[in-house]
There are 2 protein chains.
Amino acid sequence: MVKYPTGSLTPYAKNNNTTISSHKKHKTSVNFSDRGMTLEQQINESNKYYLFQDIAVVHKKPTPVQIVKVDYPKRSRAVIKEAYFRQASTTDYNGVYKGYYLDFEAKETRNKASFPLKNFHEHQIVHLDKCLKQKGICFTIIKFVSLNRYFVTPASFIINAWNQIDKSSVSLNEIIEHSYEIKSGYRPTLPYLEVVDKFILDRN
Amino acid sequence: MVKYPTGSLTPYAKNNNTTISSHKKHKTSVNFSDRGMTLEQQINESNKYYLFQDIAVVHKKPTPVQIVKVDYPKRSRAVIKEAYFRQASTTDYNGVYKGYYLDFEAKETRNKASFPLKNFHEHQIVHLDKCLKQKGICFTIIKFVSLNRYFVTPASFIINAWNQIDKSSVSLNEIIEHSYEIKSGYRPTLPYLEVVDKFILDRN
């Protein structure tokens, strides 16, 4: 099992822009800042932290691929030689936290004042709606890249907006009004479970 | 959205071995018997049924693939030209049912009196254990192909057996003792949620 690194780490310096260049990045290494990380990387790092600390089990789903042709070279691992991307039927992330089912999608925008709803695909909206009916805790994490702001928005708000035919985007103000804002940090990189705790409180 | 077929279907005949050859199979069609279906197909059909009936949302996770090279031919969809299978870090199935998180693995054996534990990989056992700690409902569906018998076995039993160093298999009798048996049927093909209801009752 992969061990979570706990010692001998260069201390985290909030305003230090230098990167640890002497350490090659490993697959299992943990990044200590959000600089240069995509939202997906930030969430994956956070999920790794939550997993190793036994706080939650949340994974990103693999990209669905239709495999057509595979070579099995001798003394070497199988190589997929022909495959195609398939349409996903779910959101990217799901998992379990304190007995609750979590389901969410992560979206980035470079816009500064609104979030375009075309960032969502119909299958994601349908899936979030189905999961809500099963009493899952469903939301989206929206990152305004230019503003460096992160919002955890309930899926119900996104579904309602998406279903309004004449609505092509939601304004930043609407998002602020209907979401919890979170700050990127150290461990985890993006503490979105703090908001899930609020959703759980709101529910009970 | 895909519609679940509700009418104009040839009635299900339990002892009728002919197949409906005049109807071409569509991706969204539903099979009406377990003959010739693998356990995975049976579970996928059942999940489709549960999904379209708004009973539960359970999906098989895609096979994780590391994509190395993709061609983007003009006027044609992208072709993955080089990719490799990656080690999964979870089980194959998860989802949500009545607010409960479900997580399970499906296994077939051609054995008649025991189930070899080497069918489970360490990452599956670790994952099931992590999900149990988060109060997920975790189990395995085991099919004894030669006997045409299906068991829904709590993950805790499998984890305990797997952790016994000198134990390489669990006997059919042990499985009978610790599991609920289910019969394959019509709709759904494999009604495993009936057992989940029992797990929920046992818990409360």
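About the cut-offs
Residues numbered from 1 in each chain as written. Chains lettered and ligands numbered in written order. Predicted model: local features only at pLDDT ≥ 70, side-chain atom pairs only at ≥ 80, totals over all residues. Pairing = 2+ DSSP bridges. Helix = DSSP H or I, 4+ residues; strand = E, 2+ residues; numbered from the N terminus. Axes fitted to C-alpha atoms, helices over the stretch in contact; angles between N-to-C directions. Least-squares fit on C-alpha atoms with pLDDT ≥ 70 in both. Contact = placed C-beta atoms within 7 Å. Nonpolar A, V, L, I, M, F, W, Y, C, P; charged D, E, K, R; others polar. Expected span 1.5 Å × (residues − 1). Buried ≥ 20, exposed ≤ 12 C-beta atoms within 10 Å, placed from the backbone. Core = buried A, V, L, I, M, F, W, Y, C linked by C-beta atoms within 7 Å.

Enquirer: For this particular structure, what's the right way to read the sheet that holds strand β3 (residues 79–85) of chain A?
Expert: Sheets are built from strands paired through backbone hydrogen bonds, the pairs being either parallel or antiparallel. On the basis of which strands lie adjacent, the open sheet formed by four strands has the order β2(A)-β3(A)-β3(B)-β2(B) and antiparallel pairing. In this open sheet, the two edge strands, each paired with only one partner strand, are β2 (65–71) of chain A together with β2 (65–71) of chain B. Neighbour-to-neighbour, the strand axes of this sheet turn through a mean angle of 35 degrees, independent of strand direction. Across two bridges, the pairing between β3(A) and strand β3 (residues 79–85) of chain B is antiparallel. Along β3(B), the bridge assignment pairs Ile80(A) with Ala83(B).

Enquirer: Sorry if this is basic, but what is going on with the relation of the copies chain B and chain A here?
Expert: The relation between the two chain copies is a rotation about an axis coupled with a shift along that axis. Once chain B has been moved 0.0 Å along the axis and rotated by 180 degrees, it coincides with chain A to within an RMSD of 0.0 Å. What the superposition gives is, in effect, a two-fold axis relating one chain to the other. Counting the interface residues of chain B, we find that 100% of their copies in chain A are interface residues as well, pointing to one common contact surface.

Enquirer: Before we go on, may I ask you to explain the interface of chain B and chain A in this structure?
Expert: Interface extent is often summarised as the accessible area lost during association of the parts. Contact with chain B, which involves 35 residues of that partner, is made by 35 residues of chain A. Those elements giving two or more residues to the side of chain B that touches chain A turn out to be β1 (57–60), β3, β4 (93–97) and α2 (122–133) of chain B. Counting residues per element, the side of chain B that touches chain A draws most heavily on β3(B), which supplies seven residues. In terms of residue class, the side of chain B that touches chain A is made up of 18 nonpolar, eight polar and nine charged.

Enquirer: Would you explain the environment of His59(A) in this entry?
Expert: Structurally, the position occupied by His59(A) is in strand β1 (residues 57–60). In this structure the C-alpha to C-alpha distance between His59(A) and Lys48(A), which are eleven residues apart in sequence, comes to 8.5 Å. Ignoring any residue separated from it by four or fewer positions in sequence, one finds His59(A) in contact with Asn47(A), Gly95(A), Ser89(B) and Thr90(B).

Enquirer: When you look at the sheet that holds strand β10 (residues 180–182) of chain B in this model, what are you seeing that I'm missing?
Expert: Residues and elements named next belong to chain B. Pairing in this open sheet of six strands is mixed, and the strands run β1-β4-β5-β7-β8-β10 from one edge to the other. Of all the strands in the sheet, the pair left with one neighbour each is β1 and β10. Pairs of neighbouring strands in the sheet enclose a mean axial angle of 25 degrees, with direction left out of account. Here five bridges tie β4 to strand β5 (residues 100–109), and the two strands are oriented antiparallel to one another. When the sheet's bridge partners are listed, asparagine 94 is paired in β5 with aspartate 103. Against the sheet, helix α1 (residues 39–52) makes contact with β1, β4, β5 and β7 (137–144), and its axis sits at roughly 150 degrees relative to β1, the strand it touches most.

Enquirer: Would you explain helix α1 (residues 39–52) of chain A in this entry?
Expert: For an α-helix, 3.6 residues make a turn, and residues three or four places apart therefore share a direction. All names here are of chain A. The end-to-end C-alpha distance of α1 is 20 Å, a good match for the 20 Å that 14 residues give at a rise of 1.5 Å each. Of all the positions in α1, only Gln42, Ile43, Asn44, Glu45, Ser46, Asn47, Lys48 and Tyr50 are classed as buried. The secondary structure elements touched by the buried residues of α1 are β1, β4 (93–97), β5 (100–109), β7 (137–144) and α5 (193–203). A positive phi of about 55 degrees marks aspartate 54, the residue just after α1.

Enquirer: What's the story with the nonpolar core in this structure? I'm lost.
Expert: Taken as a class, soluble globular proteins show a tendency for nonpolar side chains to be buried jointly. Core analysis: the biggest nonpolar cluster contains 68 residues, and Val96(A), Leu102(A), Ile141(A), Val96(B), Leu102(B) and Ile141(B) have the highest contact counts within it. Contact partners of Leu102(A), with chain neighbours within four places excluded, come to Val58(A), Asn94(A), Gly95(A), Val96(A), Tyr97(A), Ile137(A) and Val196(A).

Enquirer: What's the story with the pairing of strand β8 (residues 149–154) of chain B in this structure? I'm lost.
Expert: Both faces of the sheet carry side chains from a regular strand, because those side chains alternate between them. Residue and element names in this part refer to chain B. Here β8 lies mainly inside the structure; five of its six residues are buried. As defined by bridge partners, β7 adjoins β8 across six bridges and the pair is classed as antiparallel. Among the inter-strand pairings, threonine 140 is bridged to a residue of β8, identified as threonine 153. Count of turn residues in the β7/β8 antiparallel hairpin: four residues, of which asparagine 148 carries a positive phi of about 55 degrees. Where β8 and β10 come together, three bridges link them in antiparallel fashion. Bridge pairing in β10 places tyrosine 150 opposite isoleucine 182.

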